[in-house]
Amino acid sequence: METKAQVLYDFTAEPGNNELSVREGETITLTNQNVGGGWIEAKNSRGEVGLVPEDYIEIKQAQPFTSGGNAASLDLSLFDSHIPAPASTAQVDVAQPETPVTPVTPGFSPTSHDETSNGNDPWAVFDNNASGGVSNNWAAQPEGTETGKTSSNAWHSGGHVHPQAYQGADIYPYPCLIDLSGAEDDEWDEEWDDVKSSGGYAESEAGEGGAINRGGAHGSSMKIALNKFPGFSKSGPELYLLSKQPAKGTKLPVYGGEVGPVWAYPDYQLDCVVADPKKGSKMYGLKSYIEYQVTPTTTNKPVNHRYKHFDWLYERLLDKFGSAIPIPCLPDKQVTGRFEEEFIKMRMERLQGWMSRMCRHPVISSSEVFQLFLSYKDEKDWKTGKRKAEKDETVGVMIFSTIEPEGLPDLDLTEVEQKCEQFNRFTRAMDDGVKDLLTVGNEHWKRCTGPLPKEYQRIGKAFQNLSSVFTSSGYEGEAALTDALTAAGKTYEDIAQMVAEQPKKDLHFLMETNNEYKGLLGCFPDTIGVHKAAIEKVKEGDKLVATGKITTSEKTAMSKRASTMSYALQAEMNHFHSNRIYDYNRVMQQYLEQQVKFYEMIAEKLRNAHSQFTTM
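Per an unreviewed UniProt entry, the chain goes by Sorting nexin and derives from Cyprinus carpio carpio. Annotation of the chain in UniProt includes, under Sequence similarities (unreviewed entry), the sentence "Belongs to the sorting nexin family."

Printed below as a string of structure tokens:
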């Protein structure tokens, strides 16, 4: 029996990624629900088949399931008369109905992949060759090759496009290699993990995207109702604003620094090295995977992790800290081509960048779950820590209950709102600037690996052809000239090769940094959205007091907690600014140093060619 689904939002397919463009309200037929990684294969009414994001569709005949959570029960009906109509919901299948479901963290979209995926990736210039590998021969690249469109702006979403729409898998050098089969060769090791996850997530057998799939599991025996914007739970920030439960977990102090509120930074800066990728196998060699060594600077003892372990860590950090701290996505899954040397190198580099960024955050790096990931002692230690992390109750907006502004006065609501809007404007503007630089950089990369070296090659060939013509004259006095012309032609051919290879030496690092920031900035709309929602709830306080639904003291507590949330946002933004200044100083110095070396090498070659000609 065919399974039908209705499309909830517009989605535009990226060329070469086996995706399917769909429109809101369209009915499609599901042909493969086991692709994994948040994707489903579907067929439209025209018979076209491709991948669509799972959260963009509503499967028909799905039954809603009310999930249980760990948070204390709280009567939120008092807000019912002041909130807009609930967004439409989609039904997503997950496994293990008897397992409690961890509450969805308000204020961020765990299904979002746009943070790391974009149509401006320099790796997209790689082409698929006949052998299934890649070709980086600039001479073989067709001029004007389209490598993808710029991802939609999450800040100015038009129509019904998801605010953090995943716009394509071309974050990797092999977007054309993604096929429609499930990547079943990278499940969790059976000897490391049980079939069930006590944290409420079912571990999927399909897809390398993670045993904990984005936004929950994607099995077939349990239904979870998702809001139109899945990152926002039904309760929202009032779960924290009106909570009467004592705070649980390690306290997170915020201090007044020279630039404003700041997190408490450790004396020792944690870092780690992701290296030594090795191919492993199980089930008598039927299933293969890549395992990386992760070595923290605190112990200098390596621990081994597969991509799915990184993905598990991402989900835990997102679940616990995502309302207060933007957690950028990992590099996305790759169904095929995962064992190609270039892909492994690229993934390791991006995992290194992600881990280094997490290490530099004082809250993330000191968290118990992150320390477990870096320094578990053995299998038992890992499994025990994993289960404990999945049962953590201080998740979502309740993370604010652990934040303590030290010696900082309470802010009034107007000041809180002004700070929130100030950060919102800046992150939107920076997001536009980063995307613009990625677009320009991508265009320059394509020119350097396509038309530009071909022009230098044509000039070189023209000089050498002219030298051949001169040689045919038979005139004995022009040997020096013809030799010099030939040398000049070869010089320009050498320059062509240098131009084609240069982006990997300088532009690559600039593009990677901007890709990181594009992903990080893509998280801010949700984080800021939590604060805006809290501000609106506090504004409703007077009405609730007037109607007797809350007391004056409860309204005062709401304002105080909104102030705490604002200090957390300010501390996070100051951390962001500090890292931004450091990162762009470093990457621009590196870029310009390589540019100077590049043009000095060209100048040296041209001087040598010039010296071959006789001064008359």
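## Here we look at the overall build of the chain
Check the secondary structure of the chain and you find 13 helices and 15 strands. Burial status across the chain gives 52% buried among its 616 residues. Across the chain, the fraction of contacts at a sequence separation of at least 24, relative to all contacts at a separation of at least 6, is 78%. In the form shown here, the chain has an accessible surface area of approximately 27,300 Å², with 53% of it arising from carbon and sulfur atoms.

## Structural notes on the nonpolar core
Among the nonpolar cores identified, the biggest contains 83 residues, and Leu317, Met355, Phe370 and Phe400 are the most heavily contacted of them. Element by element, the count of residues in this core is highest for helix H13 (residues 552–611), at twelve residues. If you look at the next biggest cluster of nonpolar residues, it comprises 18 residues, including Tyr9, Ile40, Ala42 and Tyr56.

## Focus: helix H8 (residues 451–471)
Helix length check: H8, at 21 residues, gives a terminal C-alpha distance of 30 Å against a target of 30 Å (1.5 Å per residue), a fit within 8%. Residues of H8 that are buried: Pro453, Lys454, Gly460, Gln464 and Ser467. Seen end-on, H8 carries its buried residues on one side only, within an arc spanning 140 degrees. Opposite the buried face of H8, at more than 90 degrees from it, the exposed residues are Arg458 and Val469. Among the structural elements, helix H7 (413–448) and helix H9 (479–505) are those in contact with the buried residues of H8.

## Points about the sheet that holds strand E15 (residues 403–405)
Reading across the sheet, the three strands line up as E11-E10-E15 and stay open at both edges, with mixed pairing between neighbours. A single partner strand is all that each edge strand has here, and the edge strands are strand E11 (260–263) and E15. Each strand of the sheet is rotated relative to its neighbour by a mean of 30 degrees, with strand direction disregarded. Direction of pairing for strand E10 (residues 252–257) relative to E11: antiparallel, over a ladder of four bridges. Note that in E11 the partner of Tyr255 across the bridge is Val262.

## Considering the sheet that holds strand E5 (residues 57–59)
Taking strand neighbours across the sheet as the criterion, the five strands line up as E4-E3-E2-E1-E5 in an open arrangement whose pairing is antiparallel. Whereas interior strands pair on both sides, the edge strands pair on one side only; in this sheet they are strand E4 (49–53) and E5. Adjacent strand axes in the sheet meet at a mean angle of 45 degrees when their direction is disregarded. Of the pairings in the sheet, the one linking strand E1 (residues 3–7) to strand E2 (residues 27–36) comprises four bridges and is antiparallel in character. Note that in E2 the partner of Ala5 across the bridge is Ile28.

## Remarks on the environment of Val49
With respect to the helices and strands, Val49 occurs in strand E4. Residue Val49 is classed as partly exposed on the basis of its relative accessible area of 44%. For the pair Val49 and Asn18, spaced 31 residues apart in sequence, the C-alpha separation works out to 8.2 Å.

## Looking at helix H3 (residues 341–359)
Along its 19 residues, H3 runs 27 Å from first to last C-alpha, staying within 8% of the 27 Å computed at 1.5 Å per residue. Counting buried positions over the 19 residues of H3 gives 15, a clear majority of the element.

## Some points on unusual backbone geometry
A positive phi angle is found at Asp276, which is not glycine, with a value near 50 degrees. Looking at the element boundaries, Asp276 is found in strand E12 (residues 272–282). If you check the backbone angles, Asn300 has positive phi at about 55 degrees while not being a glycine.

## With respect to the side chain of Glu572
Here Glu572 is to be found in helix H13. Despite its burial, Glu572 pairs with no opposite charge, the nearest such side chain being Arg357 at 8.7 Å. Among the polar contacts listed, one links the side chain of Glu572 to the side chain of Trp263, at a separation of 3.1 Å.

## Focus: the pairing of strand E14 (residues 303–306)
Direction of pairing for strand E13 (residues 287–296) relative to E14: antiparallel, over a ladder of four bridges. From the neighbouring strand, Glu291 faces E14, where its bridge partner is Arg306. Count of turn residues in the E13/E14 antiparallel hairpin: six residues, of which Asn300 carries a positive phi of about 55 degrees.

The rules we used
- Residues numbered from 1 in each chain as written.
- Predicted model: local features only at pLDDT ≥ 70, side-chain atom pairs only at ≥ 80, totals over all residues.
- Heavy atoms only, no water.
- UniProt positions renumbered as here; feature names shortened; annotations may be inferred.
- Helix = DSSP H or I, 4+ residues; strand = E, 2+ residues; numbered from the N terminus.
- Buried < 20%, exposed > 50% of the residue type's maximum accessible area, 1.4 Å probe, protein only.
- Contact = heavy atoms within 4.5 Å.
- Areas by Shrake-Rupley, 256 points an atom, 1.4 Å probe, with all protein chains shown as cover.
- Core = buried A, V, L, I, M, F, W, Y, C linked by side-chain atoms within 4.5 Å.
- Expected span 1.5 Å × (residues − 1).
- Arc of directions from axis to C-beta.
- Pairing = 2+ DSSP bridges.
- Axes fitted to C-alpha atoms, helices over the stretch in contact; angles between N-to-C directions.
- Lys, Arg positive; Asp, Glu negative; His and termini not counted.
- Salt bridge = Lys/Arg side-chain N within 4 Å of Asp/Glu carboxyl O.
- Polar contact = N/O pair within 3.5 Å; in protein donor to acceptor, adjacent residues only side chain to side chain.

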